[in-house]
Amino acid sequence: MKSSKAIFYMIFSVIAFSLMNTVVKYLNDFSAYQIVFFRSIGTLCFTIPLILKNKIPFLGNNKKWLLLRGVAGVISLTCFFQSLNYLSLGTAVSLRYTSPIFAAIFALMFLKEKVKPVQWFLFLIAFVGVLIIKGFGVDVNSIGIIFAILSALFLGLIFVLIRKIGDSENSLVIINYFMIMAFVFGGVMSINHWTNPNLLEWLLLLSLGVFGYVGQLYLTKAFQSYETNVIAPLKYLEVVFMIMIGTFWYQETYNFWTLLGVLLIMVSLIYNVYLKRKKS
(Lines give C-alpha, C1' and ligand atoms only; values in the text may rest on other atoms or scores of the structure.)
Protein backbone atom coordinates (compact mmCIF):
# COMPACT_ATOMS: atom_id res chain seq x y z
CA MET A 1 0.00 0.00 0.00
CA LYS A 2 2.80 2.35 0.96
CA SER A 3 4.73 1.52 -2.21
CA SER A 4 1.63 2.12 -4.34
CA LYS A 5 1.22 5.59 -2.85
CA ALA A 6 4.90 6.43 -3.47
CA ILE A 7 4.68 5.20 -7.08
CA PHE A 8 1.55 7.33 -7.57
CA TYR A 9 3.39 10.38 -6.16
CA MET A 10 6.33 9.86 -8.52
CA ILE A 11 4.16 9.34 -11.59
CA PHE A 12 2.15 12.45 -10.67
CA SER A 13 5.43 14.37 -10.33
CA VAL A 14 6.64 13.12 -13.72
CA ILE A 15 3.35 14.16 -15.34
CA ALA A 16 3.64 17.66 -13.82
CA PHE A 17 7.22 18.12 -15.07
CA SER A 18 6.25 16.71 -18.48
CA LEU A 19 3.41 19.22 -18.76
CA MET A 20 5.80 22.02 -17.80
CA ASN A 21 8.27 21.00 -20.52
CA THR A 22 5.45 20.70 -23.04
CA VAL A 23 4.23 24.22 -22.28
CA VAL A 24 7.80 25.57 -22.58
CA LYS A 25 8.09 23.94 -26.01
CA TYR A 26 4.76 25.49 -27.02
CA LEU A 27 5.97 28.93 -25.92
CA ASN A 28 9.05 28.88 -28.15
CA ASP A 29 8.31 32.40 -29.41
CA PHE A 30 9.31 33.68 -25.98
CA SER A 31 12.95 33.97 -24.89
CA ALA A 32 14.30 31.46 -22.38
CA TYR A 33 14.87 34.41 -20.00
CA GLN A 34 11.20 35.39 -20.03
CA ILE A 35 10.19 31.76 -19.47
CA VAL A 36 12.61 31.49 -16.51
CA PHE A 37 11.07 34.70 -15.13
CA PHE A 38 7.51 33.35 -15.30
CA ARG A 39 8.61 29.89 -14.11
CA SER A 40 9.81 31.54 -10.90
CA ILE A 41 6.67 33.62 -10.29
CA GLY A 42 4.33 30.62 -10.13
CA THR A 43 6.54 28.78 -7.65
CA LEU A 44 7.20 31.83 -5.46
CA CYS A 45 3.43 32.16 -5.01
CA PHE A 46 3.65 28.85 -3.09
CA THR A 47 7.04 29.00 -1.35
CA ILE A 48 6.95 32.51 0.15
CA PRO A 49 3.53 32.13 1.85
CA LEU A 50 4.49 28.68 3.17
CA ILE A 51 7.81 29.97 4.58
CA LEU A 52 6.06 32.88 6.29
CA LYS A 53 3.19 30.71 7.56
CA ASN A 54 5.55 28.14 9.09
CA LYS A 55 7.89 30.86 10.42
CA ILE A 56 10.90 29.36 8.67
CA PRO A 57 14.02 31.62 8.63
CA PHE A 58 13.73 33.28 5.23
CA LEU A 59 17.47 33.64 4.54
CA GLY A 60 18.42 30.19 5.86
CA ASN A 61 21.64 29.24 7.62
CA ASN A 62 24.13 28.49 4.81
CA LYS A 63 23.81 31.60 2.67
CA LYS A 64 26.95 30.92 0.61
CA TRP A 65 25.88 27.41 -0.41
CA LEU A 66 22.28 28.51 -0.95
CA LEU A 67 23.44 31.27 -3.29
CA LEU A 68 25.70 28.87 -5.21
CA ARG A 69 22.82 26.40 -5.52
CA GLY A 70 20.61 29.22 -6.79
CA VAL A 71 23.16 30.34 -9.40
CA ALA A 72 23.69 26.77 -10.62
CA GLY A 73 19.92 26.27 -10.75
CA VAL A 74 19.33 29.40 -12.82
CA ILE A 75 22.06 28.44 -15.32
CA SER A 76 20.80 24.85 -15.60
CA LEU A 77 17.17 25.91 -16.05
CA THR A 78 18.01 28.61 -18.62
CA CYS A 79 20.21 26.26 -20.65
CA PHE A 80 17.52 23.58 -20.63
CA PHE A 81 14.82 25.98 -21.82
CA GLN A 82 17.23 27.18 -24.51
CA SER A 83 17.84 23.59 -25.63
CA LEU A 84 14.10 23.11 -26.25
CA ASN A 85 14.35 25.73 -28.99
CA TYR A 86 16.74 23.46 -30.90
CA LEU A 87 15.95 19.87 -29.89
CA SER A 88 12.95 17.58 -29.74
CA LEU A 89 11.39 17.14 -26.30
CA GLY A 90 12.56 13.56 -25.77
CA THR A 91 16.12 14.27 -26.91
CA ALA A 92 16.52 17.37 -24.72
CA VAL A 93 15.19 15.63 -21.61
CA SER A 94 17.31 12.52 -22.26
CA LEU A 95 20.50 14.57 -22.58
CA ARG A 96 19.68 16.49 -19.41
CA TYR A 97 19.46 13.18 -17.58
CA THR A 98 23.19 12.66 -18.06
CA SER A 99 23.50 14.87 -14.96
CA PRO A 100 24.41 11.91 -12.66
CA ILE A 101 27.68 11.59 -14.60
CA PHE A 102 28.64 15.15 -13.70
CA ALA A 103 27.30 14.71 -10.16
CA ALA A 104 29.63 11.73 -9.67
CA ILE A 105 32.62 13.68 -10.98
CA PHE A 106 31.87 16.71 -8.78
CA ALA A 107 31.24 14.45 -5.75
CA LEU A 108 34.61 12.77 -6.35
CA MET A 109 36.35 16.15 -6.64
CA PHE A 110 34.69 18.06 -3.79
CA LEU A 111 33.19 15.45 -1.43
CA LYS A 112 35.78 12.71 -1.98
CA GLU A 113 33.01 10.19 -2.68
CA LYS A 114 34.21 7.04 -4.41
CA VAL A 115 32.83 5.87 -7.74
CA LYS A 116 32.93 2.13 -8.55
CA PRO A 117 34.58 1.01 -11.81
CA VAL A 118 31.24 -0.44 -12.94
CA GLN A 119 29.66 2.99 -12.47
CA TRP A 120 32.29 4.60 -14.71
CA PHE A 121 31.49 1.89 -17.28
CA LEU A 122 27.78 2.77 -17.06
CA PHE A 123 28.61 6.46 -17.45
CA LEU A 124 30.63 5.56 -20.56
CA ILE A 125 27.60 3.74 -21.99
CA ALA A 126 25.44 6.82 -21.32
CA PHE A 127 28.05 9.00 -23.04
CA VAL A 128 28.04 6.64 -26.04
CA GLY A 129 24.28 7.17 -26.11
CA VAL A 130 24.88 10.92 -26.37
CA LEU A 131 27.35 10.40 -29.23
CA ILE A 132 24.86 8.17 -31.07
CA ILE A 133 22.14 10.84 -30.75
CA LYS A 134 24.55 13.49 -32.02
CA GLY A 135 26.00 11.42 -34.84
CA PHE A 136 22.95 9.58 -36.13
CA GLY A 137 19.88 11.36 -34.77
CA VAL A 138 17.39 13.13 -37.02
CA ASP A 139 18.53 16.74 -37.56
CA VAL A 140 20.08 17.01 -34.10
CA ASN A 141 21.29 20.58 -33.60
CA SER A 142 24.77 20.97 -32.09
CA ILE A 143 23.84 24.19 -30.28
CA GLY A 144 20.89 22.42 -28.69
CA ILE A 145 23.13 19.57 -27.52
CA ILE A 146 25.59 22.04 -25.97
CA PHE A 147 22.76 23.76 -24.07
CA ALA A 148 21.34 20.41 -22.88
CA ILE A 149 24.75 19.12 -21.72
CA LEU A 150 25.50 22.43 -19.95
CA SER A 151 22.14 22.11 -18.22
CA ALA A 152 23.06 18.56 -17.16
CA LEU A 153 26.49 19.69 -15.93
CA PHE A 154 25.06 22.37 -13.66
CA LEU A 155 22.26 20.03 -12.54
CA GLY A 156 24.99 17.58 -11.48
CA LEU A 157 26.62 20.40 -9.52
CA ILE A 158 23.25 21.13 -7.88
CA PHE A 159 23.02 17.54 -6.60
CA VAL A 160 26.40 17.93 -4.91
CA LEU A 161 25.56 21.36 -3.46
CA ILE A 162 22.29 20.04 -2.00
CA ARG A 163 24.21 17.13 -0.49
CA LYS A 164 26.69 19.66 0.94
CA ILE A 165 23.83 21.68 2.44
CA GLY A 166 22.33 18.47 3.84
CA ASP A 167 19.33 18.65 6.16
CA SER A 168 20.52 21.89 7.73
CA GLU A 169 18.10 23.81 5.51
CA ASN A 170 14.38 23.48 4.96
CA SER A 171 13.64 22.37 1.39
CA LEU A 172 11.32 25.38 0.96
CA VAL A 173 14.24 27.73 1.67
CA ILE A 174 16.43 25.98 -0.92
CA ILE A 175 13.70 26.20 -3.58
CA ASN A 176 12.91 29.80 -2.61
CA TYR A 177 16.53 30.96 -3.03
CA PHE A 178 16.58 29.34 -6.46
CA MET A 179 13.30 30.91 -7.53
CA ILE A 180 14.15 34.41 -6.24
CA MET A 181 17.41 34.34 -8.18
CA ALA A 182 15.56 33.04 -11.25
CA PHE A 183 13.02 35.85 -10.83
CA VAL A 184 15.75 38.53 -10.68
CA PHE A 185 17.91 37.04 -13.46
CA GLY A 186 14.99 36.25 -15.75
CA GLY A 187 13.40 39.65 -15.14
CA VAL A 188 16.56 41.64 -15.87
CA MET A 189 17.50 39.57 -18.92
CA SER A 190 13.94 39.78 -20.29
CA ILE A 191 14.02 43.57 -20.54
CA ASN A 192 15.62 43.47 -24.00
CA HIS A 193 13.91 40.20 -25.01
CA TRP A 194 10.35 40.86 -23.86
CA THR A 195 7.38 39.61 -25.87
CA ASN A 196 3.91 40.74 -24.80
CA PRO A 197 1.77 37.65 -24.09
CA ASN A 198 -1.88 37.36 -25.01
CA LEU A 199 -4.39 36.06 -22.43
CA LEU A 200 -3.78 32.36 -23.18
CA GLU A 201 -0.01 32.88 -23.12
CA TRP A 202 -0.25 34.68 -19.77
CA LEU A 203 -2.05 31.66 -18.32
CA LEU A 204 0.44 29.22 -19.83
CA LEU A 205 3.45 31.22 -18.64
CA LEU A 206 2.10 31.40 -15.09
CA SER A 207 1.25 27.68 -15.18
CA LEU A 208 4.97 26.85 -15.54
CA GLY A 209 5.65 27.67 -11.91
CA VAL A 210 2.58 25.73 -10.76
CA PHE A 211 3.59 22.61 -12.70
CA GLY A 212 7.18 23.00 -11.48
CA TYR A 213 6.13 23.34 -7.84
CA VAL A 214 3.69 20.41 -7.99
CA GLY A 215 6.34 18.27 -9.67
CA GLN A 216 8.89 19.10 -6.98
CA LEU A 217 6.39 18.61 -4.15
CA TYR A 218 5.31 15.14 -5.24
CA LEU A 219 8.88 14.16 -6.10
CA THR A 220 9.78 14.91 -2.47
CA LYS A 221 6.70 13.06 -1.18
CA ALA A 222 7.60 10.01 -3.26
CA PHE A 223 11.14 9.80 -1.86
CA GLN A 224 9.83 10.35 1.66
CA SER A 225 7.27 7.54 1.27
CA TYR A 226 9.31 4.58 0.04
CA GLU A 227 12.73 3.17 -0.82
CA THR A 228 14.79 5.29 -3.20
CA ASN A 229 15.94 2.36 -5.35
CA VAL A 230 12.31 1.58 -6.20
CA ILE A 231 11.19 5.18 -6.75
CA ALA A 232 14.19 6.89 -8.44
CA PRO A 233 14.10 4.92 -11.74
CA LEU A 234 10.45 5.97 -12.24
CA LYS A 235 11.74 9.51 -12.81
CA TYR A 236 12.97 8.32 -16.22
CA LEU A 237 9.34 7.85 -17.28
CA GLU A 238 9.56 11.55 -18.08
CA VAL A 239 11.69 10.70 -21.13
CA VAL A 240 9.03 8.25 -22.34
CA PHE A 241 6.27 10.82 -21.81
CA MET A 242 8.27 13.49 -23.62
CA ILE A 243 8.88 11.25 -26.63
CA MET A 244 5.17 10.39 -26.77
CA ILE A 245 4.08 14.03 -26.45
CA GLY A 246 6.69 15.16 -28.97
CA THR A 247 5.59 12.51 -31.47
CA PHE A 248 1.82 12.89 -31.20
CA TRP A 249 1.52 16.60 -30.38
CA TYR A 250 4.47 18.26 -32.10
CA GLN A 251 4.94 15.64 -34.86
CA GLU A 252 8.58 15.24 -33.89
CA THR A 253 10.45 12.35 -35.49
CA TYR A 254 12.83 9.97 -33.73
CA ASN A 255 14.77 7.53 -35.85
CA PHE A 256 16.21 4.21 -34.65
CA TRP A 257 19.56 5.74 -33.68
CA THR A 258 18.02 8.52 -31.60
CA LEU A 259 15.86 6.01 -29.71
CA LEU A 260 18.87 3.72 -29.23
CA GLY A 261 20.89 6.61 -27.79
CA VAL A 262 18.01 7.52 -25.45
CA LEU A 263 17.70 3.87 -24.38
CA LEU A 264 21.43 3.59 -23.61
CA ILE A 265 21.31 6.74 -21.49
CA MET A 266 18.22 5.59 -19.58
CA VAL A 267 19.30 1.99 -18.95
CA SER A 268 22.82 2.87 -17.83
CA LEU A 269 21.69 5.61 -15.45
CA ILE A 270 18.78 3.60 -14.02
CA TYR A 271 21.16 0.73 -13.30
CA ASN A 272 23.57 3.21 -11.73
CA VAL A 273 20.76 4.29 -9.36
CA TYR A 274 20.20 0.62 -8.49
CA LEU A 275 23.90 0.06 -7.75
CA LYS A 276 24.14 3.15 -5.56
CA ARG A 277 21.09 2.18 -3.51
CA LYS A 278 22.25 -1.44 -3.25
CA LYS A 279 25.54 -0.15 -1.84
CA SER A 280 23.75 2.00 0.75
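On a predicted model such as this, the values are computed, not experimentally measured, just so you know.

Quick word on the environment of Thr 78
Phase 1: With respect to the helices, strands and loops of the structure, Thr 78 is situated in helix H3 (residues 63–83).
Phase 2: In this structure Thr 78 comes out as buried when scored by relative accessible area, which is 8%.
Phase 3: Distance in space between the C-alpha atoms of Thr 78 and Gly 90 is 18 Å, their sequence separation being twelve residues.
Phase 4: Residues in contact with Thr 78, not counting those within four places in the same chain, are Ala 32, Tyr 33, Val 36 and Phe 185.

Thoughts on the environment of Gly 73
Phase 1: Inspection of the secondary structure assignment puts Gly 73 in helix H3.
Phase 2: A residue is classified by how much of its surface remains accessible, and Gly 73, at 1% relative accessible area, is buried.
Phase 3: Along the sequence, Gly 73 and Leu 131 sit 58 residues apart, while their C-alpha atoms lie 25 Å from each other.
Phase 4: Beyond its immediate chain neighbours, meaning those up to four positions away, Gly 73 contacts Ile 158 and Phe 178.

Remarks on the confidence of the model for the chain
Phase 1: Looking at the chain, the pLDDT average stands at 88 and 92% of residues meet or exceed 70.
Phase 2: For the chain, the element scoring lowest by mean pLDDT is helix H10 (residues 228–231), at 62; H3 scores highest, at 95.

Side note on the pattern of salt bridges
Phase 1: Scanning the entire structure with this criterion turns up three salt bridges.
Phase 2: Residue Glu 113 pairs with Arg 163 through a salt bridge whose shortest N-O separation is 2.4 Å. Highlighted residues: Glu 113 in the loop between helix H5 (99–111) and helix H6 (117–136) and Arg 163 in helix H7 (residues 142–165), separated in sequence by 50 residues.
Phase 3: Arg 163 sits in the exposed class, given a relative accessible area of 58%.
Phase 4: Between Lys 235 and Glu 238 there is a salt bridge; the shortest N-O distance is 3.0 Å. Across this residue pair, the class does not change: Lys 235 and Glu 238 are buried.

Reading guide: rules and limits
- Residues numbered from 1 in each chain as written.
- Predicted model: local features only at pLDDT ≥ 70, side-chain atom pairs only at ≥ 80, totals over all residues.
- Heavy atoms only, no water.
- Helix = DSSP H or I, 4+ residues; strand = E, 2+ residues; numbered from the N terminus.
- Buried < 20%, exposed > 50% of the residue type's maximum accessible area, 1.4 Å probe, protein only.
- Contact = heavy atoms within 4.5 Å.
- pLDDT = per-residue confidence, 0-100.
- Salt bridge = Lys/Arg side-chain N within 4 Å of Asp/Glu carboxyl O.

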